[in-house]
Amino acid sequence: MPTRGLVARDLRVAVENKEILKGIDLTVEPGRVHALMGPNGSGKSTLAFTLAGHPGYQVLGGSATLDGEDLLVLPPDKRAKAGLFLSFQYPAAIPGVSVANFLRTARMAVRPEDLNPAKFRKLVFDKLDTLDMDPAFLGRYVNDGFSGGEKKRLEMLQMAILAPKYAVLDETDSGLDIDALQSVGKSINALRESDEGKDIGFLVITHYPRILEHVPADVVHIMIDGRIVKTGGPELADEINRIGYDGLREEVAAARA
Amino acid sequence: MPSGTTETAAALDFTPTSATLDEVVAFLDELGQGSPNDVALRREALARYEALPAPGARPHRGWRYDYANLSFDELRWTSGSVATATMPARPAHRLDDPDVDRPALATENAGGLFFFGSMHVDAPGNVDPRVTVLPLDGSHAAGVMHEIVDWRADKFAALATAFRNCGAFVHVPDGVQLDTPIQLVFATAPDDQAVFPHIVVVLGKNARATVIERHVGDGDPFVAGIVEAQAGEGAQLDYVVVQQAGEAARVMFSRAARAERDAQVRWHLAELGGALVRTVLDARLEAPGGRAETSALFFNTGLQHVDLTSGVDHLVGPTTSDTVVRSAATDRGQGRYVGNIVIRPKAHGSDASLRDDALLLSKHAHIDSVPALEIAANDVKAFHGATIGSLDEDALFYAGTRGIARSAALRMITLGFFEPVVSRFPGEALRDEVRTALDRKLDDATEIDG
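Let us look at the structure shown here. It should be emphasised that the depicted structure is a prediction, and the values quoted were computed from it without experimental measurement. For every chain, the first residue of the written sequence is number 1, and numbering continues from 1 onward in sequence order. Note on labels: chains are lettered from A, ligands numbered from 1, in written order. Since the coordinates come from a predicted model, pLDDT governs what is reported: local features require at least 70, and pairs of side-chain atoms require 80 or more to be given and counted, while whole-chain, interface and lining totals use all residues. No hydrogens and no water enter the side-chain calculation; it runs on all heavy atoms of the structure.

Check the secondary structure of chain A and you find 8 helices and 12 strands. Here the C-alpha atoms of chain A give a radius of gyration of 18 Å, agreeing with the 18 Å that 2.2 N^0.38 yields for 257 residues. Oriented by its inertia axes, the alpha-carbon framework of chain A measures out at about 60 × 40 × 35 Å. Buried residues in chain A amount to 54% of all 257 residues. Only heavy atoms matter for contacts: two residues are in contact if any of them lie within 4.5 Å across the pair. Relative to all contacts within chain A whose residues are 6 or more apart in sequence, the contacts with residues 24 or more apart total 71%. Counted charges follow a simple rule, with Lys and Arg positive, Asp and Glu negative, and His plus the chain ends left uncounted. Charge coordinates come from a single atom per side chain, which is NZ of Lys, CZ of Arg, CG of Asp or CD of Glu. The positive charge centre, built from 31 side chains, and the negative charge centre, built from 36, are 3 Å apart in chain A. The helix count covers DSSP runs of H or I at least four residues long, the strand count covers runs of E at least two residues long, and both are numbered beginning at the N terminus. Throughout, radius of gyration means the C-alpha value; the globule benchmark is 2.2 Å times the number of residues raised to the power 0.38. Think of it in three bands: residues with accessible area under 20% of the maximum for their type are buried, residues over 50% are exposed, and the middle band is partly exposed, with areas taken using a 1.4 Å probe on protein chains only.

Structure below.
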């Protein structure tokens with residue numbers, strides 16, 4: 001029985017020949033919420049893109065697996081089919097492709113086995129309702145001319161419809177107002193309470209702890225300069241709130257000295 | 001030519017010379033279709049053809065085609081009509097499209113005509129009794145025919161005028177608003193033909209109609225045609241061209257429309273087939289309240305070459321125009337788009353928008369974009385925007401993370417690229433037809449994502 005979980009082992013990654021991730025060890029178990037926090041430039045998004053298979057990220061060493069399956073040998077679509085979902089900080093626009101068409105195509109690609117059109121429609125409308133999204137959204141082109149909040153809602157809508165095994169949320173809270181953050185939180189929690197969502201393991205990447213007020217983390221990791229320097233419980237997020245990353249950086253340096 | 005009996009048919013070897021024109025004139029006399037005015041006009045047009053320089057005198061140096069060196073070898077010029085009985089049910093495989101099949105032509109449309117090469121197929125159609133849809137002869141459409149397309153200024157329009165051998169006349173009287181389209185179908189005959197269609201569309205005051213001009217078939221024709229449309233006061237014309245001629249076809253059209261007070265002319269153009277395609281698409285806004293919308297696309301695969309020029313002439317104000325062009329090329333496809341907007345001194349208060357975007361899908365594909373705005377009036381709004389680019393890698397990756405494989409994402413993004421044009425075509429059936437045709441072109445492309 002292979003290890004369950006989204007697992008990185010000594011993962012080292014370069015972008016344009018510059019080493020960004022310097023040996024990441026991380027295990028996100030099914031049904032659990034891991035927060036990955038860190039200052040800008042610490043490598044959080046690099047980890048997200050590497051796991052999802054962005055061609056611009058060069059893996060120097062280590063491994064990344066999903067329930068034992070080697071992710072690093074797979075193209076992005078196969079990783080999605082294996083059960084990985086990435087919510088983008090800056091989702092790309094696809095002009096001319098309607099949200100409805102995109103959702104249907106993605107769902108058929110990831111989970112081709114089920115859902116007649118009527119059931120798919122019901123699923124989409126239920127999820128729209130949870131996210132306080134207007135059904136008119138479906139007729140718009142994917143992320144084309146969307147506000148920041150609309151883009152993040154669409155990411156959450158896709159996650160709910162694809163119901164992955166593991167979801168990496170890259171700065172999903174950035175640029176959101178209180179209302180949008182609340183509906184994003186509500187959508188994640190609704191998914192976690194649903195049958196198909198209860199076993200999803202989350203890696204919530206964030207700069208600020210505020211999304212964790214809506215989606216409580218079981219485990220918090222702090223990443224600085226391409227390394228996870230500290231791992232703890234939810235109280236670690238409170239510590240960041242109190243002393244900031246600079247304070248933590250000093251604390252870590254002091255502990256090493 | 002189809003087998004069986006033919007009616008009043010004539011055929012001769014075609015060259016663009018006065019010797020051929022003499023033979024044409026003799027044939028027309030024999031058929032009882034010649035008139036002194038017509039003959040004089042044809043001779044003048046041939047003289048213009050000979051005198052005018054080839055268009056695109058300074059083509060891109062990578063262009064394979066040179067209009068000055070077109071070959072007219074082994075082309076046949078024919079005139080007349082064929083009886084229904086001699087018409088094969090499906091003269092070309094693309095006609096198995098139910099929209100194109102003759103029974104559909106007769107039942108789902110307000111009217112239509114079917115041409116096999118230059119031969120009019122003498123098929124009865126249940127034309128809406130309020131409208132006229134007839135094979136064109138010289139007696140129709142005085143004041144419109146030869147008056148809207150400036151054939152004296154364009155080499156191939158002059159050629160088409162000199163050797164006209166088929167055509168259609170569509171008249172929708174004052175106040176008649178049609179719910180179903182009028183279809184004009186040009187199917188390629190099996191032998192190589194020189195086809196010179198001339199289409200005249202006249203909409204009366206407050207009339208409303210959709211005319212669909214189709215080119216289908218697998219032959220190897222040379223087609224040079226003219227379309228002239230007039231939209232009377234308050235009229236609305238949707239004129240659609242779906243060009244799916246065979247892959248060796250050379251198709252050249254000059255199309256122009258004139259909009260009177262408060263009239264709207266909407267061009268919808270999908271250039272999908274042919275080896276060498278040249279299209280000129282003009283709109284003249286001659287009275288206040290006139291509006292022109294131009295929506296055009298081409299997608300060049302293999303060795304296809306499409307050369308599209310659109311023009312909107314704001315003669316008076318306030319008039320409005322909106323031009324949207326999307327072009328893509330892959331394999332060794334080549335294209336050029338020239339977009340002209342002219343706002344004349346009297347066109348105060350006019351509003352013109354021109355937007356063209358090109359997508360290159362392979363490293364050997366090439367598209368030129370040449371926009372030109374000429375504004376001579378004050379107090380006008382004019383917008384122009386153009387892009388040429390390749391596929392958005394961020395979008396491909398994004399779709400990939402949703403489980404959509406690169407090849408499928410590429411198809412989705414490419415089809416989406418055309419959507420701003422396709423979505424302006426009238427009717428969901430027509431839009432789906434164009435989408436399907438674009439999708440098939442992606443199947444045919446050999447060098448995509450390269």
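The next thing to look at is the packing of aromatic side chains. Only Phe, Tyr and Trp rings are paired, with Trp represented by its six-membered ring, and only when their centres lie within 6.5 Å; those with planes under 30 degrees apart are stacked, over 60 edge-to-face, the remainder tilted. Considering all chains together, one arrives at 19 aromatic pairs over all chains under this definition. Clustering of aromatic rings is evident, with ring pairs tying together Phe49, Tyr57, Phe88 and Phe102 of chain A together with Phe397 and Tyr398 of chain B. Directly above the ring of Tyr49 of chain B sits Lys155 of chain B, whose terminal nitrogen or CZ lies 4.4 Å from the centroid. Looking at Arg255 of chain B, its charged tip hangs above the ring of Phe253 of chain B, at a distance of 4.1 Å from the centre. Only Lys NZ and Arg CZ are tested; either one counts as a charge over a ring when it is within 6 Å of the ring centre and within 35 degrees of the ring normal.

Residue and element names in this part refer to chain A. DSSP bridges decide pairing: two strands pair if at least two such bridges lie between them. Read from one edge to the other, the open sheet built from 6 strands follows the order S6-S9-S10-S3-S11-S12, with strand pairing classed as mixed. At either end of the open sheet lies a strand with only one pairing partner, and these are strand S6 (84-87) and strand S12 (227-232). Neighbour to neighbour, the strand axes of the sheet diverge by 20° on average, direction disregarded. Against the sheet, helix H5 (residues 148-162) engages S6, strand S9 (166-170) and strand S10 (201-206), with an angle of about 170° to S6. Comment: axis = line fitted to C-alpha atoms, over the contacting stretch for helices; angle = value between 0 and 180 degrees taken between N-to-C directions. Lying on the sheet, helix H8 (residues 235-256) is in contact with strand S3 (33-37), S10, strand S11 (219-224) and S12; it crosses S12 at an angle near 125°.

The next thing to look at is the sheet that holds strand S2 (residues 18-28) of chain A. All names here are of chain A. As summarised here, the arrangement of the 4 strands in space is S2-S1-S4-S5, forming an open sheet in which the pairing is antiparallel. At either margin of the open sheet sits one strand with a lone partner, and together these are S2 and strand S5 (69-70). Relative to strand S4 (residues 57-66), strand S1 (residues 6-15) runs antiparallel, the two being bridged by 8 bridges. Among the inter-strand pairings, Val7 is bridged to a residue of S4, identified as Thr65. The strands touched by helix H1 (residues 44-52) are S1, S2 and S4; relative to S1, the strand with the most contacts, the crossing angle is about 105°.

Residues and elements named next belong to chain A. Looking at where Ser42 falls in the secondary structure, it is placed in the loop between S3 and H1. Reaching out from Ser42, the side chain makes a polar contact with the backbone oxygen of Pro39 at a distance of 2.8 Å. Discounting chain neighbours no more than four positions away, the residues touching Ser42 are Met223, Ile224, Asp225 and Gly226. As used in this structure description, the phrase polar contact means that two N or O atoms lie within 3.5 Å; if the pair is within protein, one of them must be able to donate a hydrogen and the other to accept it, and residues adjacent in sequence are counted only when both atoms belong to side chains.

Among the 6 residues of strand S3 (residues 111-116) of chain B, 6 are classified as buried, and the element is accordingly described as predominantly covered. Burial along S3 of chain B is two-sided: the residues Gly111, Leu113 and Phe115 of chain B and Gly112, Phe114 and Phe116 of chain B are all buried.

If the charged atoms of two oppositely charged side chains come close together, the side chains can form a pair. Any Lys or Arg side-chain nitrogen found within 4 Å of a carboxyl oxygen on Asp or Glu counts as a salt bridge. Per the stated rule, a full pass over the model turns up 39 salt bridges over all chains. For Asp225 of chain A, the salt bridge is made with Arg249 of chain A, and the minimal N-O distance between the two is 3.6 Å. Placement of the pair is Asp225 of chain A in the loop between S11 and S12 and Arg249 of chain A in helix H8, with a sequence separation of 24 residues. Looking at Arg249 of chain A, the relative accessible area reads 34%, which means it is partly exposed. In this structure, a network of salt bridges that share partners links the residues Glu419, Glu428, Arg431, Asp432 and Arg435 of chain B.

Summarising the element assignment, Ser183 of chain A is placed in helix H6 (residues 178-193). Accessibility expressed as a relative area gives 2% for Ser183 of chain A, which makes it buried.

Attention now goes to H8 of chain A. An expected span of 1.5 Å times one less than the residue number is assigned to each helix. Taking 1.5 Å per residue as the helical rise, H8 of chain A with its 22 residues ought to reach 32 Å, whereas the 22 Å between its terminal C-alpha atoms falls clearly short. Those residues of H8 of chain A lying buried are Leu236, Ala237, Glu239, Ile240, Tyr245, Gly247, Leu248 and Val252 of chain A.

Residue and element names in this part refer to chain A. Running from N to C, helix H3 (residues 99-110) and H5 point in directions that differ by 35°, and their axes come no closer than 10 Å. Of the two possible hands of crossing, H3 and H5 adopt the one that is right-handed. Across the interface between the two elements, Val99, Phe102, Leu103, Ala106, Arg107 and Val110 from H3 touch Leu154, Leu157, Gln158, Ile161 and Leu162 from H5. Class assignment for the residues of the contact of H3 with H5 results in 9 nonpolar, 1 polar and 1 charged. Here is the rule for handedness: rotate from the far helix to the near one, and if that takes an anticlockwise turn smaller than a right angle the crossing is left-handed, while a clockwise turn gives right-handed. Charged residues are taken to be Asp, Glu, Lys and Arg, nonpolar residues to be Ala, Val, Leu, Ile, Met, Phe, Trp, Tyr, Cys and Pro, and polar residues to be all remaining types, Gly included.

The extent of an interface is frequently quoted as the accessible surface area lost upon association of the parts. Facing the 32 residues of chain A at the interface are 18 residues of chain B. Summed over both partners, the interface of chain A with chain B buries about 1800 Å², with 70% contributed by carbon and sulfur atoms. Applying the counting rule to chain A against chain B returns 1 salt bridge. Notably, a salt bridge pairs Arg402 of chain B with Glu155 of chain A, separated by 2.6 Å at the nearest N-O pair. Seen at the junction of chain A and chain B, the total is 8 residue pairs in polar contact (both at pLDDT 80 or more). Elements represented by at least two residues in the side of chain A that touches chain B include exactly H1, helix H2 (76-82), S6, strand S7 (94-98), H3, strand S8 (141-142) and H5 of chain A. Looking at the side of chain A that touches chain B, the element that brings in the most residues is H3 of chain A, giving 5 residues. Buried area: the accessible surface (1.4 Å probe) lost by two parts on joining, summed over both.

All right, on to the environment of Met252 of chain B then. Residues and elements named next belong to chain B. Inspection of the secondary structure puts Met252 in strand S13 (residues 250-259). Residue classification places Met252 among the buried residues on the basis of a relative accessible area of 2%. In this structure the C-alpha to C-alpha distance between Met252 and Thr279, which are 27 residues apart in sequence, comes to 5.7 Å. Dropping the residues within four chain positions of it, Met252 is found in contact with Tyr67, Leu70, Phe156, Phe222, Val223, Ala224, Gly225, Leu276 and Arg278.

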